[in-house]
Amino acid sequence: MKLQKITQKRWFWPLVCAVSVVFGWWYLSIVTCAPLGGDDELINLQNYYYITHTSFAQSVLDYLGDLWEQFSLQNGRFRPFSSPPVRGLTSWFLGDLVGYRLYILAWTYADIVLTAWLIGKASRSKKLGIACLCLLPMMFSVWQDSTGNSLYSYGALVQSTLLPALVAGLAVLRWQDTGHKRWAVLAGYCMFQCCATFEIGFTYIVPIFGLAWLYTDKARDALRLSIPALLGECVTLAFNMGARLMNTLRAAGILEGSVSQIEGISPNFDLPAILRTWAMQMSAGFPLNAMLFGKMRPGKIYPVDVLCGVMVAGAAVAALAALDKLPNKKQNLLLFLSGLAMLSAPALLIGLSPKYQQPGQVDWRHGYIPQTVESFGVGLMALAVLVMLLRRARGKSWWPGGRAVLYGLLAVCMAGSVVWQRAATRSAYDQGGRAYTVFGDGRSEEHTSELQSHLNLVCRLLLEKK
């Protein structure tokens, strides 16, 4: 009864949200200690050099030129809204490693908030949406034995792909409420932008359909609501196929122009290889997977690690404990299946890629670019499982006396995961990564100015070549 009275206070839910966001951000900010990896080593400084040596007006004109090049099908791969673009204003975030990582984290948290909003809307339960908000920060793998962890690489590519899909989901639900066609148009455009940012966007029609079904309680209505989003995807698919066709004609000498190498994104339908890669990639969406298989152990644990763990876990458990009305079994199943689609469908696209089917790439410690957005699916699945367990436990005779113990055990497990990941990540990256050192490693200090001059020349030549 005391807990019920507290949860009815006007300040309770805003406080839970604030604690979760503040300490969730603090927890995830440990990624700022990771060094550069993957494509970031090659493009970040180049793009930052460009934006700092180009006028604003010229950078806008260059960006519009890049868009025209994409929409006129001059590239073999249609991605006009890829983030960060080769030449765009987002390149201002690439000059400092900590700022770059916080830029990615801002995209990630924007997706967390929109996902929670969408779940609260689809389930008709704001409290369930808040519980989703509190759970999601603990779902990400903050360390990965690979340069492909999109929580701190690739300029928030997958996060900027997911965000318009979430807006599309909210728009179709709003269309159902109001009947105004402008919401359907917005949903269609958002899905176009989503798929034109990164190809995994094509998979998000499935969770949108699932959440629309959860909202309307009827599959037929959910199909109707999904049509605008599907049309947006079809437009993007037409551009994609057109770009590939033009690239094939250029490769055959029928058309003039440069040929793009797109073998890595051309599917290979070797079923055993697909299944192995698919399973491996899905495993990367679970938070502790990489650390357990990589035999990572925490180093020194600092008080801030414990504080983040206790506060993030405490907010999540408080939100779960205050859920007075739980979704029914059908609603909970739809929530779980929508999360499963967010986990498995992007992973399947990776499984189709011959680049990632290679034996050296497939092991349980590795995940690739989509792994961060797959973790959103893991979060929805975890929320559905916890709701199911709560429903069963609340029907037992021992629940009134034993619930405090169970909530305490749940909080300890969640906090332990946060502390483990944060401390182990710091230990793994104990060399730090607060400066761009990839070009300067092994060079003595007296050559720093000479190295900078060479670097500027290389960046200028690369930009002129483009």
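Everything numeric here is computed off the predicted structure, so don't read it as measured data.

Draft legend 1. A look at a nonpolar patch on the surface. Together, F56, V60, L61, L64, L89, W92 and F93 make up an exposed nonpolar region whose accessible area comes to about 710 Å². If you trace the backbone, W92 turns up in the loop between α4 (56–71) and α5 (97–122). Overall, W92 belongs to the partly exposed group, its relative accessible area being 49%.

Draft legend 2. Up close: the nonpolar core. Formed by 106 residues in total, the largest nonpolar core has its most connected members in L383 and M414. Tallying contributions element by element places helix α7 (residues 157–178) first for this core, with 12 residues. If we ignore the near neighbours within four places in the chain, the residues touching M414 are L135, M138, A313, A316, V317, L320 and L386.

Draft legend 3. Representation of the confidence of the model for the protein. Looking at the protein as a whole, its pLDDT mean stands at 88, while 89% of the residues score no less than 70. Note that pLDDT drops below 50 for residues 438–448; the model gives that stretch 7 contacts with residues more than four away or on any other chain.

Draft legend 4. Molecular detail of helix α10 (residues 219–251). The terminal C-alpha atoms of α10, which comprises 33 residues, lie 45 Å apart, in line with the 48 Å expected from a rise of 1.5 Å per residue. Roughly 40° is the biggest bend found in α10, and it falls at I227, with proline P228 one to four residues downstream. Phi turns positive one or two residues past the end of α10, at G253, with a value near 85°.

Draft legend 5. Seen up close, the packing of α5 against helix α16 (residues 371–394). Interhelical geometry of α5 versus α16 gives an angle of 35° and a closest axis separation of 12 Å. Here α5 runs over α16; the crossing is right-handed. Only F376, L380 and L383 of α16 make contact with α5, whose side of the interface consists of T108, D111, I112, T115 and I119. In the contact of α5 with α16, the residues fall into 5 nonpolar, 2 polar and 1 charged.

Draft legend 6. Structural context of the packing of aromatic side chains. Enumeration according to the criterion identifies 22 aromatic pairs in this entry. When the ring of Y48 is compared with that of W92, the centres are 6.4 Å apart and the planes differ by 85°; the resulting orientation is edge-to-face. Linking Y48 in helix α3 (residues 40–52) with W92 in the loop between α4 and α5, this pair joins segments that are 44 residues apart in sequence. Taking the relative accessible area as the measure of exposure, Y48 reaches 27% and is therefore partly exposed. Here the aromatic rings of F140 and F376 are separated by 5.3 Å at their centres, their planes lie at 65°, and the arrangement is edge-to-face. With F140 in the loop between α6 (126–135) and α7 and F376 in helix α16, this pair connects stretches of sequence that are 236 residues apart. Of the two residues, F140 and F376, neither departs from the other in class, the shared state being buried. Joined through ring pairs, the aromatic side chains of F71, F78, F81, Y189, F192 and F239 make up one cluster. Looking at R124, its charged tip hangs above the ring of Y215, at a distance of 4.0 Å from the centre.

Draft legend 7. Summary view of the pattern of salt bridges. Under the criterion given, the structure shown has 6 salt bridges. For R77, the salt bridge is made with E199, and the minimal N-O distance between the two is 2.9 Å. Taken together, the residues span a long stretch of sequence, with R77 in the loop between α4 and α5 and E199 in the loop between α8 (181–195) and α9 (205–216) at a distance of 122 residues. When the shortest N-O distance is used, the salt bridge between D324 and K127 registers 2.9 Å. Of the two residues, D324 sits in the loop between α13 (303–321) and α14 (329–351) while K127 sits in helix α6, which places them 197 residues apart along the sequence. Among the residues examined, D324 registers a relative accessible area of 59% and is labelled exposed.

Draft legend 8. Molecular detail of empty space enclosed by the protein. Applying the stated criterion across every chain yields a total of 1 cavity of 30 Å³ or more. Roughly 90 Å³ of volume is contained in the largest cavity. As for the largest cavity, its lining consists of T115, L118, I119, L162, A165, L166, Y204, P207, I208, L211, M342 and L380. Class assignment of the residues belonging to the lining of the largest cavity gives a composition of 11 nonpolar, 1 polar and no charged.

Rules behind the numbers
All residue numbers refer to positions counted from 1 along the written sequence of the respective chain. Given that the model is predicted, a residue must reach a pLDDT of at least 70 before its local features are reported, and side-chain atom pairs must reach 80 or more before they are shown or counted; all residues, however, enter totals for whole chains, interfaces and linings. Only heavy atoms go into the side-chain values, all of them from the structure, while hydrogens and water stay out. A patch is a set of surface residues, each over 30% in relative accessible area and not in a salt bridge, joined within 9 Å for like charges and within 5 Å for the nonpolar side chains Val, Leu, Ile, Met, Phe, Trp and Tyr. In these tables, accessible area is a Shrake-Rupley quantity obtained with a 1.4 Å probe, and a residue counts as shielded only by the protein chains included in the view. Throughout this description, the term salt bridge denotes a Lys or Arg side-chain nitrogen within 4 Å of a carboxyl oxygen of Asp or Glu. Every helix listed is a DSSP run of H or I at least four residues long, and every strand listed is a run of E at least two residues long, numbered separately from the N terminus. Accessibility here uses a 1.4 Å probe with only protein chains present; expressed as a share of the type maximum, an area under 20% marks a residue as buried, one over 50% as exposed, and anything in between as partly exposed. Throughout this description, the term nonpolar core refers to a set of buried Ala, Val, Leu, Ile, Met, Phe, Trp, Tyr and Cys residues connected via side-chain atoms within 4.5 Å. In this analysis, two residues are considered to be in contact whenever any of their non-hydrogen atoms come within 4.5 Å of each other. Confidence of the predictor in every single residue is expressed as pLDDT, which spans 0 to 100. Expected span, for any helix, means 1.5 Å times one less than how many residues it has. Bend is computed residue by residue as the angle between axes fitted to the seven residues ending at the residue and the seven residues starting at it. Working convention: axes come from line fits to C-alpha atoms, limited for helices to the stretch in contact. Angles between N-to-C directions cover 0 to 180 degrees. Less than a right angle of anticlockwise turn of the near helix away from the far helix marks a crossing as left-handed, whereas a clockwise turn marks it as right-handed. Side-chain classes are defined by residue name, with Ala, Val, Leu, Ile, Met, Phe, Trp, Tyr, Cys and Pro counting as nonpolar, Asp, Glu, Lys and Arg as charged, and the others, Gly among them, as polar. Any pair of Phe, Tyr and Trp rings, taking the six-membered ring for Trp, is counted once the centres come within 6.5 Å. Such a pair is stacked with planes under 30 degrees apart, edge-to-face with planes over 60 apart, and tilted for the rest. Counted as over-ring charges are cases with an Arg CZ or a Lys NZ within 6 Å of the ring centre that also lie within 35 degrees of the ring normal. Only protein atoms enter the 1 Å grid used here, on which a cavity is any set of points holding a 1.4 Å probe that cannot leave and a pocket is any open set flanked by protein within 12 Å on both sides along at least five of seven lines; residues with an atom within 4 Å of a point are listed as lining. Grid points are joined across faces, edges and corners, and a volume is the space filled by probe spheres set on the points.

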